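Residue-level listing of the chains:
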Protein chains: 2
Amino acid sequence: MTYEMKFEALSSSTRRAVFERLRAGGRSVGALAEGLPVSRPAVSQHLKVLKDAGLVSERRDGVRRIYSIDRQGVSDMRDYFDRFWDDALDSYKRSLEGSDG
Amino acid sequence: MTYEMKFEALSSSTRRAVFERLRAGGRSVGALAEGLPVSRPAVSQHLKVLKDAGLVSERRDGVRRIYSIDRQGVSDMRDYFDRFWDDALDSYKRSLEGSDG
DNA sequence: GCTATTCGTAAGACATGACTTACGAAATGA
DNA sequence: TCATTTCGTAAGTCATGTCTTACGAATAGC
């Protein structure tokens, strides 16, 4: 559930494709695998990584498992880049003060 | 300069460490390599990936090259997760409407 | 109980990428 | 010009991760 885990989870292009497919709403593993150039077990393995990272959540529906985006995880990433941007701007401003003030 | 390139660039933990070290301000390649458990050429290779992805920029200073955070690139990532979060919320709301009304 | 469906996990093959050393290029200063 | 410093690139090694097939578990319906 750390940032490191989220970055690692989003490091594979196939995993990002799975993640993007969930953008439009929850889907079963089989439905996710259709349209992707990898096998269903591969998708299942990717979903585990995404789930452990806190980027997707799982819900049971009979024999199916419906995976959905975990908005909290997405929000965490958004916050990370928010703060990163702020810090980068601050350090830039300080570098200007230091060079001519 | 695409999102794909930015995600790929941030997929390596060493590269994220380099990226994080630039958060506090611009640094030379040698200065970045100090304190990291990899060689200077390794850092140089990582910086090339980060630069090609639009996440860092380069400035010459005599024989040195000062790398800094490219705030536009960080802003792009922030926007990506902003929109992703909005889309996920919308699709969630739609799923509620479809299920009970 | 039996079958069909959906899925997760194990084991192993294979490609990808991250690292090292060696080397050459460019800028600085004497 | 020569030496020093700083850096990027090339070549090759090695670890990591991504994929496949095979298999077993869980649920639902008959």
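Residues numbered from 1 in each chain as written. Chains lettered and ligands numbered in written order. Predicted model: local features only at pLDDT ≥ 70, side-chain atom pairs only at ≥ 80, totals over all residues. Heavy atoms only, no water.

Visitor: Sorry, what's going on with the environment of B:Ser11 here?
Guide: Its place among the elements puts B:Ser11 in the loop between α1 (3-9) and α2 (13-21). Taking the C-alpha atoms as reference points, B:Ser11 and B:Glu58, 47 residues apart in sequence, are found 21 Å from one another. Discounting chain neighbours no more than four positions away, the residues touching B:Ser11 are A:Glu8, A:Ser11 and B:Arg16. (Helix = DSSP H or I, 4+ residues; strand = E, 2+ residues; numbered from the N terminus. Contact = heavy atoms within 4.5 Å.)

Visitor: Is there a simple way to explain the protein's contact with DNA strand D in this structure?
Guide: Around DNA strand D, 23 residues are found, and the nearest of them are A:Thr14, A:Ser39, A:His46, B:Ser44 and B:Tyr67. Here the atoms of DNA strand D within 4 Å of the protein split so that 63% fall in sugar or phosphate, with bases taking the remainder. In this structure, a phosphate oxygen belonging to DNA strand D sits 3.2 Å away from a side-chain N or O atom of A:Arg15. The set of elements that each furnish at least two residues to the surface near DNA strand D consists of α2 (13-21) and α4 (40-52) of chain A together with α3 (29-33), α4 (40-52) and β3 (64-69) of chain B. Element by element, the count of residues in the surface near DNA strand D is highest for α4(B), at five residues. Taken together, the residues that form the surface near DNA strand D break down as eight nonpolar, 10 polar and five charged. (Near = heavy atom within 4 Å. Polar contact = N/O pair within 3.5 Å; in protein donor to acceptor, adjacent residues only side chain to side chain. Nonpolar A, V, L, I, M, F, W, Y, C, P; charged D, E, K, R; others polar.)

Visitor: Just to check I follow, could you spell out the interface of chain B and chain A for this structure?
Guide: When the parts of a complex come together, some accessible area is lost, and that lost area is often taken as the interface size. Across the contact, 29 residues belong to chain B and 29 residues belong to chain A. Regarding the contact of chain B and chain A, the summed buried area is about 3,000 Å², with carbon and sulfur atoms giving 62% of it. It is B:Arg23, B:Arg71 and B:Phe84 in chain B that bury the most area against chain A; as a group they hold 25% of the surface buried on that side. B:Glu4 is paired through a salt bridge with A:Arg16; the nearest N and O atoms lie 2.7 Å apart. Along the contact surface separating chain B from chain A lie 12 residue pairs in polar contact (both at pLDDT 80 or more). (Buried area = accessible area lost by both parts, 1.4 Å probe. Salt bridge = Lys/Arg side-chain N within 4 Å of Asp/Glu carboxyl O.)

Note that every value here comes from positions in space, so none of it alone points to a role or purpose.
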